[in-house]
Amino acid sequence: MFILLLLSLELQISPNPIEGGTGEKIPFSVTIMNEDGKLFTGETKFDVVPYDLGQVVGGVFIPKREGRGVLRCRATVDGKTIAGYTYIRITGGKKAKIVPDIVVIEPGEKIQFRVLNGKPLKWKIIPEEIGYINDGQFTAKKPGRGRVVAILDNKNIVSAFIRVKGSLKTLEIVPKFIKIKTGEKIQFFIKEGGKVIWRIEPEDIGVIDKNGLFHAKIPGRGIITAKTEEGGVEKLGRAIVIVSGKLKVRIIPEKTTLHPGEMVRFQVKIGTTEVGERDIPVRWKVIPNQCGFIRRDGTFFAGKNPITGRVVAIVPQRFGGGIASARISIVPGKFKDLIVTPRFKKLNLGEEYTFRTLQTIPIHWEVVPADLGIVNQYGTFTPKRNGSGIIIAKPLENINIKPGKALIIIGANPNIHLYLPDEIIEGFSIQIKVKTILNEGYKVFWYLSPQDAGKISPNGIFYTNRLKGGKQNQPVTIFAIFYRERQIIGWGSVRTTIRKR
C-alpha cells in the first residue's frame with residue numbers, strides 16, 4: 001500500500017518558476033493530489049537554495065536580493081514524505097505570470113488563462129493529448145497532467161500547471177516491485193498484449209529496451225512505466241525498481257590550487273553520472289578544517305593560511321555508498337575585501353534599507369554605533385535615531401576576506417563643517433578642509449557621489465577626473481563620517497562643481 005501511495009501522489013508548486021522583483025511578496029501554492037485529481041493535505045517544509053535569495057513566510061516567497069535559485073518542498077502525508085521543487089528568478093522589476101497558476105478540471109470543461117505583466121504571442125499545452133488551447137482558452141480532452149505555456153513578446157516563457165481529472169486505464173506490470181544489483185538484468189512485461197512504450201526514470205539508473213528488458217547501471221531507486229494506446233484508449237502502468245551495489249566514486253576536480261578566499265565548486269560522480277543531477281545528499285568534509293569550509297552544494301572556500309589538505313565526499317549507503325577525496329592546496333595570496341553595496345546610504349527615521357554583499361557567503365551584520373539602529377541577519381537596517389554610522393559585514397567563516405563597510409547617515413543635520421570652493425577644474429586635486437575643531441586621532445570614512453567623478457585619499461585630498469561625454473560641468477557631493485576607533489564623532493557633507501578646462 002505504501003508503494004502504491006508513493007506512485008499515485010504528486011506534489012506541485014505553482015507558479016513554476018517563481019518570478020518577481022526585489023521588494024515584492026510573491027504568493028505560491030503547494031498542491032498534493034493523486035492520479036484521479038483528489039486533493040490531499042500534509043505538513044510542508046521549505047528550503048531556499050541559495051539560502052540568502054529569500055525566505056518563505058506563510059505561502060509567500062519574500063526575495064532578499066536579485067538572482068536565481070530553487071525552492072524545495074517536502075510534504076508528509078499519512079506519515080510518508082514526497083517532494084517537489086520550483087525554480088526561482090528574482091530581478092529588479094515585476095515579472096509576468098499566468099493566472100490561474102494551477103487548475104484541476106474535468107474532461108470537456110473549458111477555462112480561460114491570461115498573462116499578468118506581459119503580452120502573450122503564442123499559447124501551447126504540454127503534452128498536447130490532454131487538450132488544446134486557443135488564445136488562452138483551454139479545453140480539456142483526456143485525463144492527465146501538464147503545463148499551459150505562454151511565449152511572450154519579449155521572448156520570455158511563463159507557465160501554469162493543469163490537471164485533467166479522471167483515472168487512466170491501468171496496465172499491470174510484472175514484476176511490480178524488484179530489487180537487483182548493478183550489472184544485472186530483469187525482464188518486465190505486461191499481462192495484456194499490444195505495442196508497449198517502456199521508460200525508466202531517472203534515466204541514469206539503467207536502460208530499458210523496447211521489449212521491457214531492464215539493465216541496471218548504478219545504485220538508486222527508479223520507476224518503470226509502460227504505456228499502450230489502442231482504439232484511442234490509453235493505458236499506463238508503473239513498477240518500482242531498486243538497484244543496489246557499489247561503483248567507483250570520484251570528485252571533480254581531483255585536485256586544485258587556490259589563493260586564500262577563493263572558491264571552487266566540487267562535484268561527485270558515481271560511475272559516469274554527476275550526483276548533482278540526481279540530488280543525492282552527499283556529505284562533505286574538509287581535512288584539516290583549517291583549509292577552509294565547504295557548503296552542502298560542494299562549493300569550497302579557501303581559508304586564510306597556506307596549507308595542503310583534502311576535500312572528502314561521502315555517498316550514502318542507499319545510493320551505493322562510497323568515499324572519494326580531492327587534493328586542495330592553499331597558497332599565499334592577498335587579502336580580499338568583502339564588498340558591501342551600496343557603500344553609502346542616506347535615510348530618514350521610519351525608513352529601512354537592505355544592504356547586500358557581492359560575495360555569496362555567510363555574513364554577520366552589525367552597525368556602529370550600536371544605538372544608531374538595528375541590522376538583522378539579512379542586512380536590513382532600521383534606524384532608531386538621527387546621526388551617522390557604519391554598517392559592517394563580517395564573514396562568518398575563517399576565510400581570507402576582510403570585513404566590508406558602508407557609510408550610513410540618518411537625518412539631515414551634519415555636525416561637522418567641510419569646505420571646498422564652489423568650482424574645481426577637471427584633472428586637478430584639492431584638499432578638503434575641516435572647519436570644525438576636532439581633537440586629534442580621528443579617521444574619516446569618505447564617500448563621493450557620483451563615484452566616477454574622482455577619488456578621495458584617506459587624508460582628504462580630492463583628485464578630480466576629467467569630464468567625459470562632452471560634459472561642461474559635473475555637480476558632486478562629498479560625505480564624510482568621522483570616527484575614533486569604534487566611536488562615531490560626527491558627519492559632514494560639502495557640494496562643489498567640476499568644470500571643464
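Residues numbered from 1 in each chain as written. Predicted model: local features only at pLDDT ≥ 70, side-chain atom pairs only at ≥ 80, totals over all residues. Heavy atoms only, no water.

Enquirer: Just to check I follow, could you spell out the overall build of the protein for this structure?
Expert: A tally of regular secondary structure across the protein gives one helix and 59 strands. Classification of the 501 residues of the protein by burial places 44% in the buried group. Looking at the protein as shown, the accessible area adds up to about 27,100 Å², and 50% of this sits on carbon and sulfur atoms. (Helix = DSSP H or I, 4+ residues; strand = E, 2+ residues; numbered from the N terminus. Buried < 20%, exposed > 50% of the residue type's maximum accessible area, 1.4 Å probe, protein only. Areas by Shrake-Rupley, 256 points an atom, 1.4 Å probe, with all protein chains shown as cover.)

Enquirer: Is there a simple way to think about the pairing of strand 16 (residues 131-134) in this case?
Expert: Across a regular strand the side chains alternate sides, sitting on one face of the sheet and then on the other. Side chains of strand 16 alternate between two faces, with Gly131 and Ile133 buried and Tyr132 and Asn134 left unburied. Pairing of strand 16 with strand 17 (residues 137-140), which is carried by four bridges, proceeds in the antiparallel orientation. For Ile133, the partnering residue across the bridge sits in strand 17 and is Phe138. If you look at the hairpin formed by strand 16 and strand 17, you'll find two residues sitting between the two strands, and Asp135 has a positive phi there, around 55°. (Pairing = 2+ DSSP bridges.)

Enquirer: Would you mind going over the sheet that holds strand 48 (residues 387-395) with me for this structure?
Expert: Whether parallel or antiparallel, the strands of a sheet pair through hydrogen bonds between backbone atoms. Pairing in this open sheet of four strands is mixed, and the strands run 42-50-48-45 from one edge to the other. With partners counted over all chains shown, the strands left at the sheet margins are strand 42 (344-347) and strand 45 (363-368), one partner each. When the angles between neighbouring strand axes are averaged without regard to direction, this sheet yields 20°. Pairing of strand 48 with strand 50 (residues 404-410) involves seven bridges; the strand directions are antiparallel. Counted as the bridge partner of Gly387 is Ile410 from strand 50. (Axes fitted to C-alpha atoms, helices over the stretch in contact; angles between N-to-C directions.)

Enquirer: I tried to follow the sheet that holds strand 37 (residues 299-302) on my own but got confused; where do I start?
Expert: Pairing within the open sheet is antiparallel, and its three strands lie in the order 32-37-36. Strand pairing shows two members of the sheet lacking a second neighbour, strand 32 (263-265) and strand 36 (292-294), which therefore form its edges. Geometrically, the sheet is characterised by an average inter-axis angle of 15° between neighbouring strands, direction not taken into account. Of the strand pairs in this sheet, strand 32 and strand 37 are connected by three bridges, and their pairing is antiparallel. Paired with Arg265 across the two strands is Thr299, which belongs to strand 37.

Enquirer: Looking at this structure, I do not really get the pattern of salt bridges. What am I missing?
Expert: For the structure on display, the rule yields ten salt bridges. For Lys394, the salt bridge identified is with Glu366, shortest N-O distance 3.4 Å. One end of the pair, Lys394, is in strand 48; the other, Glu366, is in strand 45, and 28 residues separate them in sequence. The buried category is assigned to Glu366, whose relative accessible area is 14%. Measuring nitrogen to oxygen at the nearest pair gives 3.9 Å for the salt bridge that ties Glu426 to Lys500. In this pair, Glu426 sits in the loop between strand 52 (423-425) and strand 53 (429-431) while Lys500 sits in the segment after strand 59 (487-499), placing the two residues 74 residues apart along the sequence. By relative accessible area, which is 4% here, Glu426 ends up buried. What you see here is one network of salt bridges that share partners, running through Glu426, Arg466 and Lys500. (Salt bridge = Lys/Arg side-chain N within 4 Å of Asp/Glu carboxyl O.)

Enquirer: What am I meant to see in the side chain of Ser388 here?
Expert: You can see Ser388 is positioned in strand 48. Ser388 has contacts with Pro369, Leu372, Ile408, Ile409, Ile481, Ile488, Gly490 and Trp491, leaving out every residue within four places of it along the chain. (Contact = heavy atoms within 4.5 Å.)

Enquirer: Is there a simple way to think about the environment of Gly183 in this case?
Expert: Take Gly183: it is sitting in the loop between strand 22 (177-181) and strand 23 (185-187). Given the relative accessible area of 49%, Gly183 is considered partly exposed. Taking the C-alpha atoms as reference points, Gly183 and Pro219, 36 residues apart in sequence, are found 10.0 Å from one another.

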